[in-house]
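# Understanding the architecture of this molecule
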Amino acid sequence: QKVGNYSREIISQVVDKIDRKLEDLEQSTMILLSDDELFTALSQSDFANAYEELQNFNFIKNKLDAISYSNKDVQGIVLYRPQGKTVFSNFQENYFKESLGENFSSSSLYRELMASAGQPVWITNYNNQHDYLFLMRRLRNRRTLADLGLLIYVIKEDVMTNIITG
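Below is a short write-up of the structure. Just so it is clear, the model here is predicted, and its values are computed rather than measured.

About the criteria used
Every chain is numbered on its own, with residues counted from 1 as its sequence reads. Owing to the predicted nature of the model, reporting of local features is limited to residues with pLDDT of at least 70; listing and counting of side-chain atom pairs is limited to 80 or more, with chain, interface and lining totals taken over all residues. Hydrogens and waters are ignored; side-chain quantities use all the structure's heavy atoms. Put simply, a nonpolar core is a bunch of buried Ala, Val, Leu, Ile, Met, Phe, Trp, Tyr and Cys residues held in one set by side-chain atoms that sit within 4.5 Å of each other. The buried label goes to any residue with under 20% of its type's maximum accessible area, the exposed label to any with over 50%, and the partly exposed label to all in between, with areas taken from a 1.4 Å probe on protein chains only. Put simply, DSSP marks the helices as runs of H or I at least four residues long and the strands as runs of E at least two long, and each gets a number from the N terminus on. Two residues qualify as a contact provided that any one of their heavy atoms is within 4.5 Å of a heavy atom in the partner residue. Two strands make a pair as long as DSSP finds a minimum of two bridges between them.

## Here we look at the nonpolar core
In terms of nonpolar packing, the biggest core is built from 27 residues, with L32, I60, L64, I77, L139, L151 and Y153 touching the most fellow members. Sorting the residues of this core by element identifies α1 (2-33), α2 (36-43), α3 (50-68), β1 (74-80), β4 (132-140), β5 (147-156) and α6 (158-165) as the ones contributing at least two each. With five residues, the top contributor of residues to this core is α1. Those residues in contact with L139, other than ones at most four positions away along the chain, are L33, F39, L42, L79, A146, D147, L148, G149, L150 and L151.

Pasting the structure below:
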C-alpha cells in the first residue's frame with residue numbers, strides 16, 4: 001500500500017510539473033501576442049520599396065529571435081504566413097516542411113487551426129514526426145480581424161523527458 005501511495009504521489013508531482021511547463025510555454029506566446037509593434041509590422045502589406053519590406057521582415061524576425069534564443073525549452077519559432085513571407089527564428093525551413101508537410105496550408109490541421117479562436121493548440125506526432133512538439137496559435141489583426149498567419153513554437157522533444165527524469 002505504501003508503494004502505491006508513493007507512486008501516486010510521484011506521478012502527481014510529475015503531472016503538476018508538466019502542467020506548469022505547458023502553462024509557462026503558453027504564457028510565453030502572450031509576450032508576442034501582446035506586442036502592438038509586432039502586430040503593426042505583421043499587418044503591413046504595402047511597402048514603398050524592397051528595402052522597407054526587408055526592414056519590416058528583420059523587425060519581425062528580431063522579435064521572434066528575442067524569444068526563441070532566450071527560452072531554453074523553445075527550439076525555434078515560426079511565423080507561418082501562406083500569403084506572406086514566413087519568418088523562421090532558430091528553426092530551418094526544411095525541418096518545418098519535413099515536420100508539417102510541404103503543403104501545410106492545404107492540410108486539414110491548418111484548416112482546423114485557422115478555425116480556432118486563437119487558443120493555444122498543442123501538436124505532437126504529426127506526419128509521424130516525433131522530434132518536436134508544436135505549440136500553435138492563430139494570429140489575427142486586432143482591428144480588422146484579418147488573418148495574419150500562425151505563430152508556431154517549436155518545442156524540443158526532450159522537454160517532457162527532462163521533467164520526468166529530472
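## Considerations on the pairing of β4
Of all nine residues making up β4, eight are buried, and the element is well covered by its neighbours. The pairing of strand β3 (residues 121-123) with β4 spans three bridges and is classified as antiparallel. Each residue of the ladder has a partner; that of I123, found in β4, is F134. Strand direction decides the pairing type here: β4 and β5, joined by nine bridges, are antiparallel. Considered in β5, the bridge of Y132 is made with K156. Taken together, β4 and the strand that follows it, β5, pair antiparallel across an intervening segment of six residues, in which L145 is found at a positive phi of about 65°.

None of this, on its own, says anything about what the molecule does.
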